[in-house]
Amino acid sequence: MSPVGKPKSHESAVAHVSGTAVYTDDQRQPAGMLSLYPVLSPHARARITKLDVAPAMAVAGCVTVLTAADVPGENNTGVIVPDEVLLPTDEISYYGQVVAWAVGEDEAAAREGAAKIVVEYEPLPAIKTVKEAIAAHSYQDAPQVIRRGDPDAAIAEAEHTFKGEIEIGGQDHFYLETQVSWAIPDGEGNLQLYTSTQHPTETQEIVARILGLPKNRVVCTCLRMGGGFGGKESQSNPFAAAAALATYKTGRPARCRLRRHHDMLITGKRHGFLGEYEVGFTSDGTLTAMKVVLTADGGWSLDLSPPVLGRAMLHVDNAYYVPNLVVEGHIAKTHRVSNTAYRGFGGPQGMIVIEEVVDRIARTLNLPPDVVRDRNFYHGEGDTNRTHYDQDIVDNRIARVWQEAKVNANYDVRQTEIAAFNETSLYSKRGLAITPVKFGISFNKVTYNQAGALVLIYTDGSIQLNHGGTEMGQGLHTKMIQVAAKALGVTSDRLRMMPTSTDKVPNTSATAASSGSDLNGQAVKNACEILRDRLAAVAVHMLNLDAPEDMVFEDDWIYCRTYPSARIAFDEVVQQAYSERISLSATGFYRTPNIFWDAKLGKGRPFYYFAYGAAVCEVEVDGFTGTFKLRQVDIVHDVGESLNPLVDKGQIEGAFVQGMGWLTMEELVWDAEGRLRTFAPSTYKIPTISEVPEQFTVHLLERAAQDGVIYGSKAVGEPPFMLAIAVREAIRAAVAAFGNANYVPLALPATPEATLWAIEAVKATVGQGQLVEL
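On a predicted model such as this, the values are computed, not experimentally measured, just so you know.

About the cut-offs
Residues numbered from 1 in each chain as written. Predicted model: local features only at pLDDT ≥ 70, side-chain atom pairs only at ≥ 80, totals over all residues. Heavy atoms only, no water. Pairing = 2+ DSSP bridges. Helix = DSSP H or I, 4+ residues; strand = E, 2+ residues; numbered from the N terminus. Axes fitted to C-alpha atoms, helices over the stretch in contact; angles between N-to-C directions. Contact = heavy atoms within 4.5 Å. Salt bridge = Lys/Arg side-chain N within 4 Å of Asp/Glu carboxyl O. Buried < 20%, exposed > 50% of the residue type's maximum accessible area, 1.4 Å probe, protein only.

## Considerations on the pairing of strand β2 (residues 46-52)
Part 1: As paired strands, β2 and strand β4 (residues 91-92) are joined by 2 bridges and run antiparallel to one another. Residue Ala 46 lies in a different strand from β4, and its bridge partner there is Ile 92.
Part 2: Bridge analysis of β2 against strand β6 (residues 118-123) gives 6 bridges, and the strand direction is antiparallel. When the sheet's bridge partners are listed, Ala 46 is paired in β6 with Pro 123.

The following block contains the structure:
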């Protein structure tokens, strides 16, 4: 029986629930390990006029203090451009920026030392919002533009037009394990890092840069992460660098683990966006033209903002064909944390804009929103099945998942039932919505679409498996064990998954862009096939046959395809291969073929394929409080030929709930001084089990194998996040039932306050949707 395609439990499931799984800070500490504690800026922008660390040194157990003067190499952790100092020298750029690190014998001593450090500031004017940045022309990087057709001319000739804008909030990653890194010297000038990072190679590079070392002197290992969601793709680097700097200065092991409130203050979030749009459309609801300006809140440094913005621009169409479309993208430079990768990587922000537009078209024309969505899908051939960046959609499954979702959810009947309920219910209303997802799979930057693996077979038949992907709870290691077991024809219990480490697989890409299984799976398969070919050549002689290409590897046996009774145990062949001095280790490699991108033209084939999905959501909204209850969710999602249906369904459910949090409750609030006020679980609300409906159905699209990918599977990490847009649209439908408006102004996130204001707005609507003063 093939191990691929089976609903196998997560390889660390028992360890997770029993508490025995070892994360970075759960390891046995080496003798003499030091702890770090940060000194944070109390201003959004200020000049440092005094930094006196001497008082900290009088604290018992405080060993040293790290400042910019201690950096032996380059004092910069920027991943695209060198614009992000590890420790500031003269000016701080956001509230909560680390000014110095106290280093103590334990965390308590470091904390007390940090409290004694004297820092004086001269506050400076700060840019605190995207709109302030636009007014001040404060931008990072050059604008990006993607254009198709002539939107200006098409809008001028359109039957109907409107303009609008939408402010899109950010989101804290709120991973269970905060940022943490250990640095351990070996006494010979080399450094071992253990860190919670999605990108060990980049962490290795940044630490080497800070210390002025070649990369081969730094080994970065990731055991596992307690969640990442993009927040540990680039932003784990400064904390690893701080621990490494403490080790360099003292010669002792050092650890840097953030407390929850520090993590929320210091680290970047999902980018907030301002989306401005102008559209043209026909009387039947068909989009003819759209002009969009997207401005992302980059924060104080560039980080990964250009590719995040780029993906937003590439997904501003979602599943809809717009014959005339221009999208212009900017990155605002503000005095906030440097925003970063987050599940969806800009795609959700882009999709929200067009979903806002499509719903507004429907309500303007008094048409059902699901009909207008359906009417505008990519379809057919030629231009109507080609994106605004000139990529043909060769595997279009939008209509298929859409129809299956509606049928599974009994959409039309429930719509009628909800209308009847709303007629008789004065103080609460229900809403039903269905929304699609079309999400491109591959890294925006072509270079990153590569992966490596190292597979070692020992003479007892046991196997070690190494690959460049990192495990953050998403089940990547589980899938890689399944891939290797199938490729070698062995049972999974033979395989030991090794921690991801830069001394086993070098120069890897981040585990991001939903590409972990696609890239690493192919690399693992490649290594296993090299070993299988070597073993086949041995087995064929042991069986007195002469066609190694006819050897089948299955269930720990090797046998002839046309003569299956001629078989031999896997272990015996391994022993014989060793006796014949045949290598039992192999490296594997993979690069995604046939992808390219011309940034100047804004054209190309940036994605290897698309993942599709559709969600039907029903909510009930309380007219007095603005709170909502999610009554039912029905999802159909395209994961190709699933490597592991159990893992994939878990990913879909988790992504959906996380997306619902972003859209409805996770509100980041800064005050007038630019200080983040929602920096703890007491002030920042994430979804809990009480927000998940009892009726929650996930159906994986059947007969959906994808050509050219690992065993026909598709990526699943990010695409389901956007399915939660259906929750927001269902809330909008419920709000609309309180009045009679051709536009429902629903803020994002749609918190109870925002929903209540939207209800009041539609109640105040008179005539043709005109709003009266409240």
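## Here's the deal with the sheet that holds strand β22 (residues 557-560)
Part 1: Reading across from one edge, β21-β22-β23 is the order of the 3 strands in this open sheet, with antiparallel pairing throughout. Strand pairing shows two members of the sheet lacking a second neighbour, β21 (551-554) and β23 (563-569), which therefore form its edges. Taken over all neighbouring pairs, the strand axes of this sheet differ in orientation by 30° on average, direction set aside.
Part 2: Pairing of β21 with β22 involves 4 bridges; the strand directions are antiparallel. Paired with Glu 554 across the two strands is Trp 557, which belongs to β22.
Part 3: Contacts from helix α15 (residues 516-542) reach β21, β22 and β23 within the one sheet, and its direction differs from that of β21 by about 115°.
Part 4: Each of β22 and β23 is contacted by helix α16 (residues 570-579), which is oriented at about 60° to β23, the strand it contacts most.

## Section: unusual backbone geometry
Trans is the prevailing form of peptide bonds, just as negative phi is the prevailing case for residues other than glycine.
Part 1: The omega angle of the peptide bond from Leu 748 to Pro 749 is 10°, so this bond is cis rather than trans.
Part 2: Take Pro 749: it is sitting in the loop between α18 (725-736) and α19 (752-763).
Part 3: Despite not being glycine, Asp 390 has its phi angle at roughly 75°, a positive value.
Part 4: Counting through the fold element by element, Asp 390 comes out in the loop between α11 (369-375) and α12 (398-408).

## A look at the pattern of salt bridges
When the charged atoms of two side chains lie near each other, side chains of opposite charge can form a pair.
Part 1: Taken as a whole and assessed by the stated rule, the structure comprises 45 salt bridges.
Part 2: Across the pair Asp 370 and Lys 406 runs a salt bridge whose closest N-O atoms are separated by 2.8 Å. One end of the pair, Asp 370, is in helix α11; the other, Lys 406, is in helix α12, and 36 residues separate them in sequence. In this structure, Asp 370 and Lys 406 share a single accessibility class: buried.
Part 3: The closest approach of N and O atoms between Glu 618 and Arg 631, which form a salt bridge, is 2.7 Å. Placement of Glu 618 in strand β27 (residues 609-622) and of Arg 631 in strand β28 (residues 628-637) is noted, with a sequence separation of 13 residues between them.
Part 4: Among the residues examined, Arg 631 registers a relative accessible area of 31% and is labelled partly exposed.
Part 5: The network of salt bridges with shared partners includes Glu 355, Glu 356, Asp 359, Arg 363, Arg 373, Arg 728, Glu 729 and Arg 732.

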